[in-house]
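Summary of structural features
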Amino acid sequence: MGADDTEPAAAGQSATRQRALGFWARGQRTVEEDGSILRMKKIQLGQSSLQVTPICLGTMTFGEQVDEPTSHAILSRSLERGVDFIDTAEMYAVPTRQETYGATETIIGNWFAANPGARQKITLATKVAGPVRATPWVREGTGMTAADIVASCNASLKRLKTDVIDLYQIHWPERHVPAFGALYYDPAKETSQTPIHEQLEALGGLVKAGKVREIGLSNETPYGVHEFVRLAEQHGLPRVASVQNVYNLVSRGLENGLDETMHRLGVSLLAYSPLAFGLLTGKYDQGGIEGPEAPKGARISSYESVRKQRWGRPDALKAARRYNQLARDNGLTPVQLALAFCYTKWQVASTIIGVTTVAQLDEDLDVWGTTLSPEVLAEIDQIRWEIRDPAT
């Protein structure tokens, strides 16, 4: 069935909304009679042994915005609904501070301990922090040595209360790159001390020791992906399975070349921030991101450090408002438009969703199985042509 082939509008649902969503039964989704369990066709990550669900539960708010009991409820509900892929990192919770360093992994480890058998059902991904970014509590020194990678992995295993990490990722490159909203590469800022070959050898040692199953990258560039793959193949070291990079309606820089690199090299994309830190939920459309009218308790409005990042750019909010209005004009919620975009893009193997409540989790999961009509997709591309990627 093609994107234009929709079934008759359900009771109480307009034909306009049906056309916009393109409601139809995708082969990778069925829902149990109780309407809760998503049975998604699993996706192979790159050329690895890992088979994961096309939705991944992100956890960086656990231990900061989300307390431990709520975090456990979210983890349990996610698994109950069929999402058995979890992503975390040693430096979480976010925004980062010394008091919450490692808190997210600890919360997940406590959930494993409280739910016997849960670990065996989960594909668990975590990340080693790259060179220190104003976070001296992560490790001594400013780089990321082979010894640092091993030490971080051992500490993560302890916090997570597990013997093996299924996907171990480098959170951001050891070398200087324009990441987290920076736009330009500057050779003068290069401080690299650990060649990619050494990083791969350290990761290979963890795989050989049985502590890690597969490896991945995050916040990477085309050059980095090529080098990691080339050196792995040249020296018989583990091949990266995935790259976890930002991808959403207001940040589509990945489509400027990295998507071709990953496609041709057989490396999968884990798309993070599909809702752009909440900009694409519509919550900031009326009151903005700061001031008395801004939504209380929301991530961007609550943390000045976040507002200083790409998510606080005026153009990012301007673009988000355009996409959010496009959703409403077509009978959709902003969340439905933003997530359906990511869930159905060929570039994306799995979309990482971050939530602060069980209700938000259910809302995000309920979007699965929907598509956007060619007309709506064309309007999305038109907005991008006019505004480009303000949060890249």
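Refer to the structure above for everything that follows.
Residues numbered from 1 in each chain as written. Predicted model: local features only at pLDDT ≥ 70, side-chain atom pairs only at ≥ 80, totals over all residues. Heavy atoms only, no water.

Quick notes on helix 7 (residues 222-235)
Test applied: Helix numbering and strand numbering both begin at the N terminus, where a helix is a DSSP run of H or I of at least 4 residues and a strand a DSSP run of E of at least 2. Between the first and last residue of a helix there are one fewer steps than residues, each counted as 1.5 Å, and that sum is the expected span. Relative accessibility thresholds used throughout: buried, under 20% of the residue-type maximum; exposed, over 50%; partly exposed, between the two (1.4 Å probe, protein chains only). Note on definitions: a residue-residue contact is assigned when non-hydrogen atoms from the two residues lie within 4.5 Å.
The terminal C-alpha atoms of helix 7, which comprises 14 residues, lie 20 Å apart, in line with the 20 Å expected from a rise of 1.5 Å per residue. For helix 7, the set of buried residues is Gly224, Val225, Glu227, Phe228, Val229, Leu231 and Ala232. Against strand 8 (165-170), helix 6 (196-208), strand 9 (212-218), strand 10 (240-246) and helix 8 (258-265) lie the buried residues of helix 7. The positive-phi residue at the C-terminal boundary of helix 7 is Gly236, with phi of around 65 degrees.

Here's the deal with the nonpolar core
Selection criterion: For our purposes a nonpolar core is just a set of buried Ala, Val, Leu, Ile, Met, Phe, Trp, Tyr and Cys residues, chained together by side-chain atoms within 4.5 Å.
By size, the foremost hydrophobic cluster in this structure holds 113 residues, and its most contacted members are Leu279 and Leu337. Looking at this core element by element, the count peaks at eight residues for helix 12 (residues 334-344).

Notes on the side chain of Ser71
Among the secondary structure elements, Ser71 is positioned in helix 2 (residues 68-80). Setting aside residues no more than four positions away along its own chain, Ser71 makes contact with Phe62, Gly63, Val66 and Ile107.

With respect to the pattern of salt bridges
Heads up, the condition is: The salt bridge definition used is simple: a Lys or Arg side-chain nitrogen within 4 Å of an Asp or Glu carboxyl oxygen.
Taken as a whole and judged by the stated rule, the model has 25 salt bridges. One salt bridge connects Glu105 with Arg159, and the closest N-O pair in it is separated by 2.8 Å. With Glu105 in helix 3 (residues 103-114) and Arg159 in helix 5 (residues 146-160), the pair connects residues that are 54 residues apart, well separated along the chain. Classification of Glu105 by relative accessible area gives buried; the value is 0%.

Some details on the sheet that holds strand 6 (residues 85-87)
The test is simple: Two strands pair under a simple rule: DSSP has to find at least two bridges between them. The convention used is that axes are lines fitted to C-alpha atoms, helices contributing only their stretch in contact, and that angles between N-to-C directions extend from 0 to 180 degrees.
In spatial order, the strands read 5-6-7-8-9-10-11-12; together these eight strands close into a barrel with parallel pairing. With direction set aside, neighbouring strand axes in the sheet form an average angle of 30 degrees. Pairing geometry for strand 9 and strand 10, over four bridges, is parallel. The residue of strand 10 that forms the bridge with Leu217 is Val243. The sheet strands contacting helix 12 are strand 5 (55-58) and strand 12 (348-354), and the helix crosses strand 12 at an angle near 150 degrees.

A look at the pairing of strand 7 (residues 123-128)
Within strand 7, six of the six residues are buried, leaving the element largely enclosed by the surrounding structure. Neither face of strand 7 is left uncovered, since the one carrying Thr123, Ala125 and Lys127 and the one carrying Leu124, Thr126 and Val128 both have all their residues buried. Two elements, strand 6 and strand 7, share three bridges in a ladder whose sense is parallel. For Ile86, the partnering residue across the bridge sits in strand 7 and is Leu124. Note that strand 7 and strand 8 share four bridges and pair parallel.

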